[in-house]
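A closer look at the structure
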Amino acid sequence: MTDLKTAEKGRILCVLGPTNTGKTHLAVERLLSHRSGIIGLPLRLLAREVYDRAVKIKGERSIALVTGEEKIVPKGAQWFVCTVEAMPLDRQYDFLAVDEIQLCADAERGHVFTDRLLHARGADETMFLGSDTMRALVRRLVPNAEFIARPRLSQLSYAGQKKLSRLPKRSAVVAFSANDVYAIAEAIRRQRGGAAVVLGALSPRARNAQVELFQNRDVDVMVATDAIGMGLNLDIEHMAFAALSKFDGVGMRPLYPSEAGQIAGRAGRHLRNGTFGTTGDCPPLEPELIERIENHRFDPVTAARWRNPNLDYSSIAALVASLEVAPPREGLTRGRDADDLLSLQALRTDAAVTERATRRDRVDLLWQVCAIPDFAKDLHDSHARLLSQIYVHLVDRDGRLPQDWVAGQLRNIDRTDGDIDTLSQRLAHIRTWTTVAHRAGWLEDAQGWQARTRAIEDRLSDALHEKLTERFVDRRTSVLSRGLAEDPASLNVQLGEDDALTVEGEIIGHVRGLRFRAVGHETVEQRRILRSAALRVLGPALQSHAEALLTLPDENFALSPEGGLLLITAEKESVPLAVLVKGTEVLEPKLQLLADDQLPAETRKAVEEKLGSWLKRHLRQHLSDLYRLRDAELKGAARGLAFQLAENLGALRRDDVADLVRHMGQAERHPLRKMGVSFGETHILVPKLLKPKPTQLKTLLWAVAQGHEPEAPPTPGLTSLPILEWREDAWWMAAGFLRAGRHAFRLDVVQRIAEGARKAEQESRQPVQKDAPKPDDATPPVDAADIVPPEQQQVEPVGEQIEQPVEAPAEVPTPEIHAEQAAAPATEVPRKKRPHSDRLGPPGSFLPDTAWMNLAGCGQDELHRLLWALGYKPITARDPETKADVTLYLRSHKAIVAKRKREHEKRREDEAKMADSPFAALMALKQQQQTPPKKR
């Protein structure tokens with residue numbers, strides 16, 4: 001180590017500032033301007049980058065590279081480029097520099113940077129580079145240091161949140177785990193053609209190969225871990241955060257503002273401005289954090305991590321104790337136990353180790369073994385076993401490892417098969433052995449073993465690069481990007497037998513149905529260029545497909561629930577050919593053909609006629625009752641009612657057609673009944689259309705006519721269901737349901753409950769018969785055989801029908817039914833027949849029948865909402881027998897008034913329509929012609 005007295009004679013400079021200030025560039029210039037020098041960098045990838053730059057200036061013989069797993073030290077080397085941990089400080093240098101000195105605060109590595117700050121000096125000049133947050137702490141720990149502030153060369157600004165597909169070119173996405181990096185890169189590959197992947201665990205060779213994809217513009221996006229924030233100089237214009245928290249070795253925590261600023265600062269190089277923001281599921285940045293990043297204002301570092309450099313090797317316990325000594329001065333603090341200390345604590349419980357570590361030199365050797373890094377990070381027990389084996393071999397064989405054992409270890413690693421994770425694990429293991437091979441004296445023919453481990457690392461790096469490129473880069477992007485931009489007409493375009501369109505041998509899309517769909521090219525510009533190249537073969541291909549369609553039978557076509565007319569291929573695949581659009585009436589939708597413009601006009605017309613004919617046959621097959629009603633030759637009110645039933649897809653509120661029904665005799669109703677129409681208490685409907693297939697088609701036709709997205713109809717077989725998302729009442733009517741509050745009831749069930757309520761109301765109004773015997777308390781059970789299927793119901797309304805026209809209130813009184821009634825079997829009817837003298841409530845009030853809940857498949861609350869919608873309000877009465885309060889239902893006067901008002905408004909609307917119609921004008925003219933002139 002440099003003598004402190006000598007070091008104090010040299011100048012100590014602290015060059016502080018944000019990213020992109022040229023600090024590292026300045027340090028390299030100062031390094032090479034001295035007769036000798038050394039620079040410590042935070043990452044081996046950055047060390048390799050600086051080494052390559054220095055070699056171009058001074059040549060290979062003058063520059064040394066020293067990292068934990070790579071040593072290139074030519075004889076007579078004058079300048080050393082190293083990682084901070086690997087800096088050889090056993091000799092004197094004229095110049096010494098340490099980059100990213102703010103890492104003194106890092107919980108795991110900080111003690112190494114602190115040691116360099118306190119003790120590493122150059123004879124002529126010492127330079128510490130880093131963030132301005134270190135100014136106060138450096139001034140306290142190194143009082144004689146001079147400070148130089150470096151302003152950022154370009155502006156850094158916030159660009160907000162962007163989708164992965166909307167990221168600008170030359171963007172880098174930062175994630176904080178390998179799994180997240182891979183997932184984001186996969187998403188970008190699907191959306192944008194490909195992404196380069198950079199992780200700290202990559203070897204320099206694999207990393208450089210991935211970076212070259214980005215720098216050469218074969219891909220426009222890079223996905224990396226936060227290691228990218230440590231001085232890697234790349235052509236990045238926008239930095240996007242995919243997350244704002246990271247695992248720091250102990251647990252998940254939010255990014256510190258200084259860490260976010262370090263990463264965001266990678267955007268914009270030299271004089272080019274840069275932007276930063278968020279992407280994916282990451283929320284937008286807080287305004288305070290944005291302001292701090294843009295203006296480089298971060299909290300100062302208040303303490304540096306420290307670990308005792310004076311170790312006691314007399315025993316393992318003494319060594320551990322010396323490593324746990326408290327910091328000697330203010331401004332220093334203990335760091336988290338590093339990997340070497342964790343390895344030592346694991347090995348001190350190993351009997352094979354403890355029985356050998358009995359002398360000072362052997363404890364020293366044990367500490368050297370513990371310093372072998374665990375690059376895999378997730379196999380600590382496996383790493384401890386490997387360290388134990390290495391230590392035992394070194395002790396038992398006079399400090400040498402057996403070559404056959406090492407060769408066997410390398411054979412297990414030297415394989416290039418497997419996926420990305422497998423190759424990454426092997427690469428981590430060979431990096432460990434590369435570190436071992438560079439330990440002085442541990443292996444005979446150390447240079448030979450170093451060359452062998454380097455060759456294995458290179459092979460694994462190349463294989464990993466190929467796997468990363470294969471998985472995360474669409475090769476078509478790199479193959480076609482330049483050719484497409486230059487001259488699309490010169491490209492070799494072919495259509496294969498499987499309808500795959502290829503350009504220069506690469507599949508760019510397929511002909512599906514009557515359209516061409518590009519694959520893997522999402523931008524408008526790429527699709528435009530590809531389509532222009534494909535036009536030479538696209539027209540004949542579409543013509544051939546259309547001619548084949550014209551010969552297919554009906555079984556090859558289908559109508560999707562979303563309104564698409566599909567071609568069913570022999571492979572049971574569905575290819576869209578057309579979509580339904582609004583027509584002149586709800587039962588006559590039109591078809592919009594999904595075909596490219598290259599399809600000839602005559603062929604297009606023939607296909608449209610073919611598909612239109614199929615659609616008409618399909619609709620009339622499943623909705624025949626509606627078309628029969630629409631086209632029936634009826635007269636008067638029956639004709640009008642049939643037409644309205646067809647226009648409203650087989651169901652009408654009786655109130656809406658009260659005038660028509662009131663003037664219809666049985667003779668006029670009879671032909672409608674023969675066509676399946678049921679006249680119920682609340683609705684007039686065609687029960688056959690409540691079946692699943694007609695229901696699905698009705699809701700589809702309603703959505704098309706209204707210009708809405710089709711919604712899935714209710715599950716077949718349900719008589720009622722809760723409403724989970726809002727839909728229009730007209731949609732529920734088309735589906736054959738009545739909406740009552742937050743519940744919907746099938747119309748045939750509504751009819752039966754309405755009839756039961758009307759019957760119960762009439763029984764409650766019956767006069768008192770004094771001599772008549774008192775009826776039993778309960779009616780006989782209802783036999784299942786007496787229940788008439790909906791399609792067979794022929795029920796006439798009894799009296800005046802009243803229905804509540806408005807929505808039930810948000811909070812309505814819950815029906816209260818006596819406990820004995822609630823516990824009664826489903827087939828029992830708790831309703832009692834009482835004369836007026838023994839009535840629970842006023843005339844017309846009644847108890848709800850529990851059989852109604854069984855019929856509707858609902859509970860008391862839902863039945864209450866239905867009765868409310870049918871025009872009955874709840875009232876409370878006291879049962880004279882049980883003395884308990886029960887809930888009765890009584891016809892609402894408000895419902896009567898509302899019903900009459902609705903009928904009046906409907907009548908006025910009809911009269912207004914008739915007055916404005918040409919028919920009314922014609923009738924007025926005829927009446928004028930038939931009126932004789934007045935005699936004067």
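Above this text sits the structure in question.
Residues numbered from 1 in each chain as written. Predicted model: local features only at pLDDT ≥ 70, side-chain atom pairs only at ≥ 80, totals over all residues. Heavy atoms only, no water.

As a further point, take the overall build of the protein. Helix and strand content of the protein: 32 helices and 34 strands. Going through the 936 residues of the protein one by one, you find that 49% of them count as buried. Of the contacts formed within the protein by residues at least 6 apart in sequence, a portion of 68% connects residues at least 24 apart. Element-wise, carbon and sulfur atoms account for 51% of the exposed surface of the protein, whose accessible area totals about 45,100 Å². (Helix = DSSP H or I, 4+ residues; strand = E, 2+ residues; numbered from the N terminus. Buried < 20%, exposed > 50% of the residue type's maximum accessible area, 1.4 Å probe, protein only. Contact = heavy atoms within 4.5 Å. Areas by Shrake-Rupley, 256 points an atom, 1.4 Å probe, with all protein chains shown as cover.)

Bringing helix α8 (residues 257-264) into the picture now. Regarding α8, the residues found buried are Ala-260, Gly-261, Gln-262, Ile-263 and Ala-264. Residues of α8 that are buried sit in contact with β9 (156-162), β10 (171-174), β13 (238-241), β16 (274-279) and α9 (287-295).

Read across the open sheet, the six strands follow the order β9-β16-β13-β10-β12-β11; overall the sheet is parallel. Every other strand in the sheet has two partners, leaving β9 and β11 (196-198) as the edge strands with one partner each. Between one strand and the next, the sheet's axes are offset by a mean angle of 25°, whatever the strand orientation. Bridge count for β10 against strand β12 (residues 221-224) is four bridges, and the pairing is parallel. For Ala-172, the partnering residue across the bridge sits in β12 and is Met-222. Sitting on the sheet, helix α7 (residues 204-215) touches β10, β11 and β12, and the angle it makes with β11 is about 140°. With respect to the sheet, α9 is in contact with β9 and β16, its orientation differing from that of β9 by roughly 145°. (Pairing = 2+ DSSP bridges. Axes fitted to C-alpha atoms, helices over the stretch in contact; angles between N-to-C directions.)

A separate point is empty space enclosed by the protein. The final tally for this structure, using the stated rule, is five cavities of 30 Å³ or more. Its volume calculated, the largest cavity comes out at about 70 Å³. Taken together, His-111, Trp-306, Arg-307, Leu-323, Arg-334, Gly-335, Arg-336, Asp-337, Ala-338 and Leu-341 make up the full set of residues lining the largest cavity. (1 Å grid on protein atoms, 1.4 Å probe; cavity = no way out; pocket = protein on both sides within 12 Å on 5 of 7 lines; lining within 4 Å. Points joined across faces, edges and corners; volume = space filled by probe spheres on them.)

Here we come to the side chain of Gln-210. Of note, Gln-210 is situated in helix α7. Gln-210 gets classed as buried once you look at its relative accessible area, which sits at 0%. Among residues more than four places away in sequence, those in contact with Gln-210 are Ala-196, Val-197, Val-198, His-465, Leu-468 and Thr-469.

The subject of this paragraph is the pairing of strand β7 (residues 125-130). Most of β7 sits out of view: six of its six residues are buried. Both faces of β7 are covered, namely the face carrying Glu-125, Met-127 and Leu-129 and the face carrying Thr-126, Phe-128 and Gly-130. By the bridge criterion, six bridges tie strand β1 (residues 11-16) to β7 in an arrangement that is parallel. Counterpart to Leu-16 in the pairing with β7 is Gly-130. Note: strand β6 (residues 95-98) against β7, four bridges, orientation parallel. When the bridges of β7 are listed, Leu-96 appears paired with Thr-126.

A word on the sheet that holds strand β25 (residues 574-585). Spatially, β23-β24-β25-β26 is the arrangement adopted by the four strands of the open sheet, whose pairing is antiparallel. The sheet is open, and its two edges are formed by β23 (557-559) and β26 (588-593), each paired on a single side. With strand direction ignored, the average angle separating the axes of adjacent strands in the sheet is 35°. Examined bridge by bridge, β23 and strand β24 (residues 564-568) share three bridges and lie antiparallel to one another. In the sheet register, Phe-557 faces β24, and the bridge partner there is Leu-567. Packed on one face of the sheet, helix α20 (residues 601-622) meets β23, β24, β25 and β26 and runs near 145° to β26.

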